[in-house]
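Structural characterization, general
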Amino acid sequence: MVSAPRATTPGTDEVDRIVAAWHRERPDLVVEPLAVFSRVSRLARHLDRARRGAFARHSLEPWEFDVLSALRRAGEPYSLSPGALVTATLVTSGTMTNRIDRLEARGLVERHRSPGDRRGVLVQLTAEGRERVDAAMTDLLDVEGRVLDALAPEERPQLADLLRTVAAQFDD
């Protein structure tokens, strides 16, 4: 679980100390990117732990949540082809086959023949899978919302916009 964010004043966190040390030791380097991306990296590690905790409270692994949430977001009847799941989760088709097998064995998804293609298969969320992913999503949003409590409400969209701008260079 994520603990309440500690209030710090600018210039007092661990990254500021790291940046200052590099600046002192290598004044020839422009260390500004370190001030941003070290914080992003540290935040990502904290969020990963918080996400894993939220999923574990619902007996889900992160990869299970990824597959189940892709199906849930698809809308009724909460089904997608394995290829669409590969695209949504950025894994190989072999990995997805294994994941579907494991989720099916747990009763969280079912395979059905595609009505439009006799050779095709659709993966569908079961009622238990839907309950589990909905509960995990609610828990996740609660945890992540508490992390954002460190920001004023008007700062949240600004941060989202800035991160979108930086991340856009990596999108296809």
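Scroll up to find the structure this text is about.
Residues numbered from 1 in each chain as written. Predicted model: local features only at pLDDT ≥ 70, side-chain atom pairs only at ≥ 80, totals over all residues. Heavy atoms only, no water.

Here the focus is the pattern of salt bridges. Following the criterion strictly, the structure yields 17 salt bridges and no others. Three or more residues joined by partner-sharing salt bridges are found here, namely D13, D16 and R39. (Salt bridge = Lys/Arg side-chain N within 4 Å of Asp/Glu carboxyl O.)

Remark: helix 1 (residues 14-25) packs on helix 2 (residues 32-56), axes separated minimally by 10 Å, with the N-to-C direction vectors making an angle of 140 degrees. Both helix 1 and helix 2 take part in a crossing whose hand is right-handed. Residue-level inspection shows E14, V15, D16, I18, V19 and W22 of helix 1 in contact with helix 2, the latter providing L34, A35, S38, R39 and R42. Its residues assigned to classes, the contact of helix 1 with helix 2 shows six nonpolar, one polar and four charged. (Axes fitted to C-alpha atoms, helices over the stretch in contact; angles between N-to-C directions. Helix = DSSP H or I, 4+ residues; strand = E, 2+ residues; numbered from the N terminus. Left-handed = near helix turned anticlockwise from the far one by under 90°. Contact = heavy atoms within 4.5 Å. Nonpolar A, V, L, I, M, F, W, Y, C, P; charged D, E, K, R; others polar.)

What follows is about the packing of aromatic side chains. For the structure shown, the criterion picks out one aromatic pair. With 4.2 Å between their ring centres and 20 degrees between their planes, F55 and F65 make a pair best called stacked. Note that F55 is positioned in helix 2 and F65 in helix 3 (residues 62-73), a separation of ten residues in sequence. (Phe/Tyr/Trp six-rings, centres within 6.5 Å; stacked < 30°, edge-to-face > 60°.)

Turning to its location among the elements, E64 is positioned in helix 3. Looking at E64, the relative accessible area reads 4%, which means it is buried. (Buried < 20%, exposed > 50% of the residue type's maximum accessible area, 1.4 Å probe, protein only.)

In the sheet, strand 1 (residues 79-80) pairs with strand 3 (residues 117-125) via two bridges, with the strands oriented antiparallel. Note that in strand 3 the partner of S79 across the bridge is Q124. In textbook terms, the turn of a hairpin is the stretch between consecutive antiparallel strands, and for strand 2 (residues 109-114) and strand 3 this stretch comprises two residues. (Pairing = 2+ DSSP bridges.)

Okay, a nonpolar patch on the surface next. Nonpolar side chains collect at one region of the surface, where V36, F37, V40, L148, L159, L163 and V166 lie side by side and expose about 560 Å² of accessible area between them. Among the elements of the structure, helix 2 and helix 7 (155-167) are those that each provide at least two residues to the nonpolar patch. Note on placement: F37 falls in helix 2. (Patch = residues over 30% accessible without salt bridge, like charges linked within 9 Å, V, L, I, M, F, W, Y side chains within 5 Å. Areas by Shrake-Rupley, 256 points an atom, 1.4 Å probe, with all protein chains shown as cover.)

Turning our eyes to something else, we now look at unusual backbone geometry. With an omega of 10 degrees, the peptide bond running from E76 to P77 counts as cis. Mapped onto the elements of the fold, P77 is located in the loop between helix 3 and strand 1. Phi angles above zero are rare outside glycine, and Y78 is one such case at about 60 degrees. Looking at where Y78 falls in the secondary structure, it is placed in the loop between helix 3 and strand 1.

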